[in-house]
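Spelled out from the first residue to the last, the chains are:
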Amino acid sequence: MAQSNLFYQSRLGRPMLDRAEGIYMWDTSGKRYIDGSSGAMVSNIGHSNPNVIAAMKAQMDKSTFGYRLHFQNEPAETLARKTAELMPDGLDRVFFVSGGSEAVESAVKLARQYTLTQGQDSRWKVISRFPSYHGGTLGAVALTGYDPLSKPFAPLFQDMPKIAAPLCYLDRDNLSEDERGLKYAELLRDKILEEGPDSVLAFIMEPVGGASTGALVAPDSYYSRIREICDEFGILLIYDEVMTGAGRTGKFVASEHWGVTPDIVALSKGFAAGYAPLGAMVAKTPIVDAVLDAGGFMHGFTYAGNPLACAAGVAVLDELKRQDLINNAANIGGVLKQELTGLMDRYPFIGDVRGKGLLLAFELVSDRTTMSPLPKDFNAFNRLVDLAYERGLIIYSRRTRGGYEGDHFLVCPPLIVTREQVNEIMAILTESLDAMADEMNLQVVR
Ligand code: PLP
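Cut-offs applied
- Residues numbered from 1 in each chain as written.
- Predicted model: local features only at pLDDT ≥ 70, side-chain atom pairs only at ≥ 80, totals over all residues.
- Heavy atoms only, no water.
- Salt bridge = Lys/Arg side-chain N within 4 Å of Asp/Glu carboxyl O.
- Helix = DSSP H or I, 4+ residues; strand = E, 2+ residues; numbered from the N terminus.
- Buried < 20%, exposed > 50% of the residue type's maximum accessible area, 1.4 Å probe, protein only.
- Domains from an automatic or database assignment.
- Contact = heavy atoms within 4.5 Å.
- Buried area = accessible area lost by both parts, 1.4 Å probe.
- Pairing = 2+ DSSP bridges.
- Axes fitted to C-alpha atoms, helices over the stretch in contact; angles between N-to-C directions.
- Left-handed = near helix turned anticlockwise from the far one by under 90°.
- Expected span 1.5 Å × (residues − 1).
- Arc of directions from axis to C-beta.
- Right-handed = clockwise from strand over helix to strand, strands pointing away.
- pLDDT = per-residue confidence, 0-100.

## Let's talk about the pattern of salt bridges
Applying the stated criterion across every chain yields a total of 31 salt bridges. Salt-bridge contacts for K151 lead to D147; the nearest nitrogen and oxygen are separated by 3.4 Å. Here E194 ties to K191 by a salt bridge, and the two come within 3.5 Å at their closest N and O atoms. Highlighted residues: E194 and K191, both in helix 7 (residues 177–195), separated by three residues, approximately one helical turn. For E194, a relative accessible area of 60% corresponds to the exposed category.

## Here's the deal with the domain arrangement of the protein
Split into domains, the protein comes out as domain 1 (17–48 + 324–440) and domain 2 (52–322). Centre-to-centre separation of domain 1 and domain 2, based on C-alpha positions: 26 Å. Residue-level contacts link 43 residues of domain 1 with 43 residues of domain 2. For domain 1, the biggest contributors to the area lost against domain 2 are I45, I326 and K356; these three give 22% of the whole.

## So, the sheet that holds strand 8 (residues 236–240)
An order of 4-10-9-8-7-5-6 is seen for the seven strands of this open sheet, with the pairing classed as mixed. In this open sheet, the two edge strands, each paired with only one partner strand, are strand 4 (91–97) and strand 6 (162–164). Neighbouring strand axes in the sheet, compared pairwise and without regard to direction, differ in orientation by 25 degrees on average. Bridge count for strand 9 (residues 264–267) against strand 10 (residues 279–284) is four bridges, and the pairing is antiparallel.

## Some details on the packing of helix 3 (residues 74–86) against helix 10 (residues 307–322)
Where helix 3 contacts helix 10, the two axes come as close as 8 Å, and the packing angle between them is 35 degrees. The handedness of the crossing between helix 3 and helix 10 is left-handed. Contact residues: helix 3 offers P75, A76, T78, L79, K82, T83 and L86, while helix 10 offers P307, C310, A311, G313, V314, L317 and D318.

## Comments concerning helix 7
With 19 residues, helix 7 ought to run about 27 Å at 1.5 Å a step, and its terminal C-alpha atoms sit 28 Å apart, in line with that. Buried within helix 7 are the following residues: R180, G181, Y184, A185, L188, K191 and I192. For helix 7, the arc enclosing every buried residue in end-on projection is 145 degrees, short of the 170-degree limit, so these residues lie on one face. In the core, the buried residues of helix 7 are packed alongside strand 5 (125–130), strand 6, strand 7 (200–205) and helix 8 (220–233). Positioned one or two residues after helix 7, G196 has a phi angle of 100 degrees, which is positive.

## Description of the pairing of strand 3 (residues 32–35)
Examined bridge by bridge, strand 2 (residues 24–27) and strand 3 share three bridges and lie antiparallel to one another. Looking at strand 3, one finds that W26 is bridged to R32. Taking the residues between adjacent antiparallel strands as the criterion, strand 2 and strand 3 are bridged by four residues, where G30 takes a positive phi near 95 degrees. As judged from the two bridges shared by strand 3 and strand 13 (residues 393–394), these two strands associate in the parallel manner. The residue bridging D35 from the neighbouring strand is I394, located in strand 13.

## Comments concerning the pairing of strand 8
Most of strand 8 is tucked away, with five of its five residues classed as buried. Alternating residues of strand 8 divide into L236, I238 and D240 and L237 and Y239, and every residue in both groups is buried. Here four bridges tie strand 7 to strand 8, and the two strands are oriented parallel to one another. By the bridge assignment, A202 is partnered in strand 8 with L236. Note on the crossover from strand 7 through helix 8 to strand 8: the handedness is right-handed. Pairing between strand 8 and strand 9: three bridges, direction parallel.

## Topic: the confidence of the model for the protein
In the predicted model, the protein carries a mean pLDDT of 97, and 100% of its residues have values of at least 70. The spread of mean pLDDT over the elements of the protein runs between helix 6 (residues 147–150), the lowest at 92, and strand 9, the highest at 99.

## With respect to unusual backbone geometry
Of note, the amide linkage connecting F130 to P131 takes the cis form, showing an omega dihedral of 0 degrees. On the secondary structure map, P131 appears in the loop between strand 5 and helix 5 (138–143). For A273, which is not a glycine, the phi torsion comes out positive at approximately 50 degrees. Mapped onto the elements of the fold, A273 is located in the loop between strand 9 and strand 10.

Structure representation (structure tokens):
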């Protein structure tokens, strides 16, 4: 094959996509794949939804671009209204962007401008967690706790303070779940005191971890204590719901699971579900008003509020509602989690199954009691993905422990997935795990 002019991370070639429908995708040779990871946890309503496509076509016949400083547009207004209606009370001002990194950057910049309006110029540090992923732009990389993706660029950005994310499944102590959640939350308090409370602007976290952690969920006690600590020091709480938002965890945003309202939320991925590049930052009114009253938000992107992208977004939110997909994520997610947990009987090398709704993951280990990872040169994180891909199932993987060893896999099909399709996914996954176990000489209880 002639060398492509296109390049991304590596020379890894993949088949040419032909078409996609529902949870299935086909390459140009006619081979079918189950989209078991919704791409990168994006295609929440499945592929080629006819209502979304019709809405986009209708918008294309009217206008595809209107610069936000020249025109307001109906799809952007409607999407902002519908988004605010779906968000927890108080989060009602919406700023559109084209992706997750832009949403995170926008959140941090809004937070900074807000504190300036409060006369708190000394606040600029944004504390984040390790591991975490917040995006690929330099500001978002500074917040990201995943060394392989941030280390090479370290001289280019101001590194931000990090605290350990609650990796409770690795803890070997005598604490209760609740106590562990509080233990991890106190790390934030300690870090704020260490950095100097007057220098800290915000704390950013993924309410359920994404690719870097493999769907990590903290104990319930963590979430409310984090909110209290932020309030104690006047620090803004930013939830990065780029992956968890738009119904993926069984609520519109994951913060609803714990009744905690952050000050600013970043959305993308499932928000337009792959139909258009779209994201949003949603903030509390007093924050936005303070910034606008003080002269305006010194920030924006050319494609923000693009009418075509917003028309797709409106149609996606309508489909979530029409098909009751958020409840489906909760219900079918429960079924899929149970099935994944069932794999632990057959494969002693699965150490943990975790997640919420249809943001689910499992992690491989060489020993369940110590939770030590498989030898890293087994490269299980790549091998299992390839074995499943050969068999027509797409799953998503990352290295677990700081990005350098350990293997976890996200199984996150579109929210339209049915019980029968869960069986299909499980059948291919089991075949692939068997094949990997044979290759790597890992124990299988058959
Ligand atoms: N934040 C989280 C939690 C993500 O999972 C991602 C992408 O994976 C991003 C931010 C960055 O989004 P994007 O790749 O659209 O810029």
